[in-house]
Structures are given as C-alpha cells and as structure tokens.
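# Structural overview for review
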Amino acid sequence: MPMKDRIPIHIHYDLVNASTPPVSKSKPLARMLPSQSNLEKVIAEAHSNYYDCVCIPITTDEWRKRWSRLCLTNPESSPTSVQHKSPEELLKQQQDAELWRASDAFSLSEVNITKLEEAENVIGLVSDWLELDSPDEWVRLDSELALRQELSYASYLNIASVILPPPRNRQHAVDYARAINGCLNNSGILNPYMHLSVRIPLYDSAVASPSMNMTGSPYINVEPGDRPDSPTEAAFASAHIGGTPKKSYEEDMNASWEMWDVIRTICEYNPRLGMTLDLSVPVQASPGALSRWNSENLKHVFFPSSSFVSNKGGYPVLPKATQAFIRDIIKHRPSFILSGTADGLHKTGGESAYHQYLRYLERSSPSVIALDNELSVENFASGYWDYLQAPLQPLMDNLQMTTYEVFERDPVKYQKYEQAIYLALCDRPADSRTVLCVAGAGRGPLVSRCLKAITRSSRKAIIYVVEKNPSAFVTLQEKCNSEWGPEVELLFGDMRSIPVPEKADILISELLGSFGDNELSPECLDGAMRFLKDNGISIPSSYTAHLSPMSSSKLYHEANAMGSKNAETPYVVIFRAVNQLSVAPQECWEFEHPRKDATLDSNGLPYTNSHNTRSAHLTFQIPHAGELHGLAGYFEACLYGDVGLSIHPLRKDRISPNMLSWFPIFFPFKEPLYLPAGAELDVAIWRLTDKKKVWYEWFAESYLRIPKTLNPHSHNTNASPENMSALLPSPLADAPMTGWHASTPESELPGHSGLTGEVRTKIGQTALHNPGGRGSWIGL
C-alpha cells in the first residue's frame, strides 16, 4: 500500500511540569515528560517512530488548579471549602471568578503549546476535567467558558483537529451538546478550518445508570487530580462492581450511542464535528449493534495500551472481536491514537509492537485487500464513496462519450449479457435464422457481445441496432465499417417510434437503472415491443426493485445542505458510511417484458402510461436503535434463464460478483426519524406517472409493540396513568393510531405477531416526500 494511503497513526502524550506529580494516583496510561519545553523533541521522536502526529492536552495542570480555585467554591458545589473561608475571602474569590468570566487569558505555565511549528504536528486535547454535562448549573456554565477559552487558544495556534472530553451524564447530554454547538457556530472561537471530535466510549453503563450516584457523573465528587486516566474505564468499573454487570454490553452501547446521537443532532450534523471512538473496553457486542458506528463521522479511534492483550509470545494484540471490528471500520479511514505504549504492560515487542500490529490489521482489512484488486468495486469506486450523483435522464439527455466509457469498463455486465444471448440462441433450432435487435446501443458494446454469442452458438443471425443519440450514432457507424460487417444494420431514431425492417426474435437492451425502472426501462421497452415477434423474447426478461431503511449522517447532511428540493431527490450513491437498520432489503415490485397487460393502439403503443405505475407497502423490523435518514434502493434482473444481474447487497456476490455498472439509489428524508430498538417501520413508496414524466413518492411510519394492558386504547380499567407513564417504552406511545391502522383489526396489522397480548402503537412518521414530482422527476 502506498505510504500516502495508509491510515494515520498518532501517539498520545500527557504533558506535565517536572515539579508536578502525575495527575493520576494509578499507573498512568500516557508517557510523562519532564517539561513542556521538550515538545518539539517529542514531536521529532514521534516522527522517527513513524507516528504522524502527537496528541497532547492543550493546557497543563496549572490551568486546572486555577479554574478549580475560581469556580469550585460556590456553596452548592463545594460546601467543605466554605467552612474554611471568611466572608472577605469568599467575596474576593467571587470577584476574581467574575473577572475571569468577563475576560481572561492563559498564563504561560498553563499551556503546553506555544509555537506554530509545534501546533502543525499536534492534535489538541481539551481538558478532560471539564464537566459540560454536570448536574450543577454553575459548573456547567463555567466549564463552557473554560472550553471556549481553550478552543479559542487552539484556534489562535491554527490547530486543525481538537478532541473534546467524553460526555458522562445522559440526563444532561443536551447541555453538553448545546455548549459544543455554540462553539461551532461562533467564528470568534473557532476558525473555519478547525474540526472538533467528541470522545465517545464504545461502552459506558454509567452514563445511563440511575443507581450509580445522585449526580449521574462518576467524577462529580472527585478532585480532578484524583480522576482515573481513562474516563471510560472509571465509568465501566463503577457500573460493573463486583464483576456483575448491571446491564448487557449492548445496553451499555445503546446508552453511549444515544449520547452521541443527541450531540450530533443538536449540532445539526455539522460536518466539522466528528467522533473519536474510545476502545478502552474490549468489544463484546453483536455485529448488528456495532454496525451503527459505520454511519457516523468517525475521525479517530483511541487505543490505550490496556486495550491490548498478550498473545503466546507476549506481544500486544487486540481481542478477536475487536480485531474484526477494526478491520471493518478501516474502510472509513479513521486515524488511530495510541496511548501508554511505553508503560510496559506487555513483555515483548516494546513500543513499536503496538504500531506494527495496527499496520498488520490494516493490511489484512477486507477493504484494503479489495482496493488493491483492479477489478474490484472498491478499486473502481475509489473517490466516489458516499458521493451523491443525480440519476441519468436517458430520454431527455444524450450521454457524453466519457459516460459511455465508464459504463463499458464493466466486464461482468457484458459477460452476463453475452451468456444470456448465447443461451437464447442455443434454445432456437440449429438451422433457423434469428433476428436480434439492440435497442439503445450507445457506442455498441452489446452489439460486439451479440456477434460473439452468434459465433459461439453457430447460428445464423442478423442484428438491427437502434440508437437516438446522434453523436453516439457516429461511433456506431465507424464500428460498423471497421469491426462488425454486414450482419449489423444501423437504425437512427427513438425506439418508441422508429420503424424497423422486420420484427425481432430477441430484443436486447441495457436500460436498467439503480432501482431497475428509474431510467424508464418500462416506458422505453413499451415502444420497442412493437418490433418483437409474438413469440419473441426480451433480454432482460424481468427486473425487481428492492428497498431497505438506512442511516447515514454524511448522506443526510449532504442531501439537506443543498436545500429542501434536493432533499426530495433520489441519488445514485455507492454506500460506505452507512448502517442498514433492518436485516435485509424487501422487494417492492416487478416489471416483465414483453408485457401482456397493456392496451395498445393501432401503432402497437399503449394509450397511457398508467400500467407502469407501482406501489409498495413494506414493514421492517428494527433490531437496534438508530436514526432513519433514508431508504436504500437496489435491483435484480433476470436476463435469460438463470443468468442475471444484481446489486442486492445479500445476493450480488452470488449472481454477478464485482459488477461495476450500477450503484444503489438513495431516497433521502428531510428530517431524521428516531427508531428505538424493537421498533417496526412501515414504508410506503409509489412509482407514479402522467403524460410528461415519471416520479417517486415515499413515506414512513414507526411503531412499537406494547402489552395490551398498557395500550391507551384498550379498555383495561386497572391500568392507571401513573403506571403507564412508568412502563411505556416511548414518550410518544400514547399517540393515537391514525389512518388505515386505526380501523384495521389487530390481527391484520402489518407485521402482527398473532399475540393477543400486544398491540402496535404509532410513535412517529415522516412527511410525504416528492408529492407530484415537485423535487425530482424523469422526463418522458
């Protein structure tokens, strides 16, 4: 792998003054240095050890001590200190605190970085002791002021990336998020090039544990200097006293993910806000629960040396579940941050063993291996991951030569077409003459494959080639003269109206879109069926559209950043930073060719396009909580017999592996819809048409199953409002059922389990998207 394409690996140091004892009473996870003047030497040493950057605190312990003297002497937050201070002393401290709140600057001894040369090679760490989510309002506000002061100094130094302390109090996560959002939107604090990253522990039972202490924070009654090195480890330990977890690992992860969900939602999916995933605790959840992090803006992954275990040789390695998780998320290209590599926790290999091991995981990652394969989708799509592209308008627009060039780079598609044509020819009598018609030939790759199939099958055949693009027709003429010969006859015009010399036995087209029908293959082939014999066949013979709910912070932000109209536009996207919220896509509808149900006029054309309208109502089970940002669309096509094409995520590797021509389609939602674990999602989608265009509309509703005795619509008089409010799993569970669900018998509701003790209760819905094609449509 080229050096420039490698995952960046950084080293974390904790800088303290020589005269200052270690911050933690336990063994520190970070290397302690004699003084801040050594920073440039530290950076040079890190580079010599193949680290890309050094990750260090912006401030020293002197800043923490001054802030504590100023801000932790209020009666509500520190009653013991008040007993030893006179009223005059308290008044003086309050005045000093107010002066600091009004305006203040760091002293030289309070900062670790002072030079621009140092800042260029540094990722800054905001003070870990700041409690932006403290239950004490004064502590929260003073922590926010301290945060702004640190970020303003980092901005002055032009530090490009800063990591924020982890949130610790679920009940005050909104306060944490509001403080961060205020900084992101204040140009006086952050320069426009600075990115923030919130350190999020993979597991954190303490943040959601109601019984840990009255504050909900593991540090609220502890002096900052006595805090453990890893907030994650402290929180995890406090929630697993005596080795008996209070909650399952997946519940711990749910609490941690929900904290991040609150933060990035309040910050309006700001692209300058990412996350640093803290792996201080080994990965132990299911792949489904872990997959949620795939859809987030993952900037860094933090590895303290305690994350590693020793193998038989004493070298540091990650547990198997963590290995699998890291190999998977490497495709998102986060940087890795190592800490405590000099502490000697593993007897063999020294400091470099950690770095070398992460490089090994990178080389063995499936995404990296696929990237090195020139025929893989990963290699072909490099640079286009999660990039929104407008679908083609094949009837309205004539494609450029470069577009044709990209399509023709896919060998798999044309191999499949050739095989389908060959099988169709072989099924005809050996002495017969076969008429083939290629409808929408482009630059002619299907024509070349037809000729190969004719040669392989030893059949006599003629090929009529229809193309409406006048520029592409020039290329066809050149190929006809130089490559194809007399078996090929070119016809210029629209397949829906052009006459042909004779009817065809086999009609061949490549008009499929990412959703099967979204590039108007049904409408085009309606016209082309005029020149197909009664017993003729179409290649493809049928195709189906499939849909699944998905989450992607990046795609949601990009679709909505372009305006409300663009948020109602389907996009072609090759997915990477996404999370599929359901187990598998579901089929929406199917088109078959030749059609038998359309009423035709004297010219063999349908009177209207109403026979090409479709609708689907699907119900998806949501096993893990997540945000619904859109719908992922796929297609499968049967070319002939058992030869097909597929971009269905669960079947594509079996039907047409490494096919490059089609990316999935993305139907965005203008507003996220939160789906709790165990929810059911009803999705409705329509393919609609009038005389001039075709368009899609889509809509979603979310439901929870609750015991019938808790259902507000039941007639159980023993269920009191107080009991219901304590037991209902959703604050919206008392929302009345509306629409067709309200009048449908319980046993006939979509996804009904047949259990008489449960009822589906609506908890949310989206808007109807793209009504009447107001945001997007495909012209006829």
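Residue positions within a chain follow its written sequence, with the count starting from 1. Owing to the predicted nature of the model, reporting of local features is limited to residues with pLDDT of at least 70; listing and counting of side-chain atom pairs is limited to 80 or more, with chain, interface and lining totals taken over all residues. Only hydrogens and water are set aside when side-chain values are computed; all heavy atoms of the structure are taken into account.

## Some words on the pairing of strand S4 (residues 161-164)
- When a residue's accessible area, from a 1.4 Å probe over protein chains only, is under 20% of the maximum for its type it is buried; when over 50% it is exposed; and in between it is partly exposed. Starting at the N terminus, helices and strands are each numbered in turn, a helix being any DSSP run of H or I of at least four residues and a strand any DSSP run of E of at least two. Residues of S4 alternate between two faces, with Ser161 and Ile163 on one and Val162 and Leu164 on the opposite face, all of them buried.
- Here, a strand pair is defined by DSSP locating no fewer than two bridges between the strands. With two bridges connecting them, strand S3 (residues 122-125) and S4 associate as parallel partners. Residue pairing across strands places Gly124 opposite Val162, the latter belonging to S4.
- For the segment spanning S3, helix H6 (residues 137-156) and S4, crossover handedness is right-handed.
- As paired elements, S4 and strand S5 (residues 195-201) share four bridges and run parallel to each other. Convention used here: a crossover is right-handed provided that the path from the first strand, over the helix, to the second strand proceeds clockwise when the strands point away from the viewer.

## Digging into the packing of helix H16 (residues 411-426) against helix H17 (residues 445-457)
- In the contact formed by H16 and H17, the axes pass within 8 Å of each other and the chain directions differ by 40 degrees. Judged by the inter-axis angle, H16 sits oblique to H17. Our pair here, H16 against H17, has a crossing hand that is right-handed. Along the contact surface, H16 presents Pro411, Tyr414, Gln415, Tyr417, Glu418, Gln419, Ile421, Tyr422, Leu425 and Cys426, while H17 presents Pro445, Leu446, Arg449, Cys450, Lys452, Ala453, Ile454, Arg456 and Ser457.
- In terms of residue class, the contact of H16 with H17 is built from 12 nonpolar, three polar and four charged. Axes, fitted as lines to C-alpha atoms, cover a helix only where it is in contact. Angles between the N-to-C directions of the axes lie from 0 to 180 degrees. Should an angle fall under 35 degrees it is called roughly parallel, over 145 degrees roughly antiparallel, and 65 to 115 degrees roughly perpendicular, with every other angle called oblique. Handedness of a crossing follows from how the near helix is turned relative to the far one, being left-handed for an anticlockwise turn of less than a right angle and right-handed for a clockwise one. Any two residues whose heavy atoms approach within 4.5 Å are treated as being in contact. Gly is put with the polar residues, along with every residue not named as nonpolar or charged; the nonpolar set is Ala, Val, Leu, Ile, Met, Phe, Trp, Tyr, Cys and Pro, and the charged set is Asp, Glu, Lys and Arg.

## A closer look at the pairing of strand S14 (residues 504-509)
- Most of S14 is tucked away: six of the six residues are buried.
- As paired elements, strand S11 (residues 433-439) and S14 share four bridges and run parallel to each other. Bridge pairing links Cys437 to Leu507 in S14.
- Taken together, the four bridges between S14 and strand S15 (residues 532-539) define a ladder with parallel strand orientation. Bridge pairing in S15 places Ile508 opposite Ile539.

## Here we look at the nonpolar core
- Throughout, nonpolar core names a set of buried Ala, Val, Leu, Ile, Met, Phe, Trp, Tyr and Cys residues whose side chains join them through atoms within 4.5 Å. Formed by 99 residues in total, the largest nonpolar core has its most connected members in Leu436, Ile508, Phe515 and Ile539.
- In terms of residue count, strand S21 (residues 626-640) provides more of this core than any other element does, eight residues in total.
- Judged by nonpolar contacts, the second largest core, of 83 residues, contains Leu130, Val162, Leu164 and Leu273.

What is shown is where atoms sit, not what they do.
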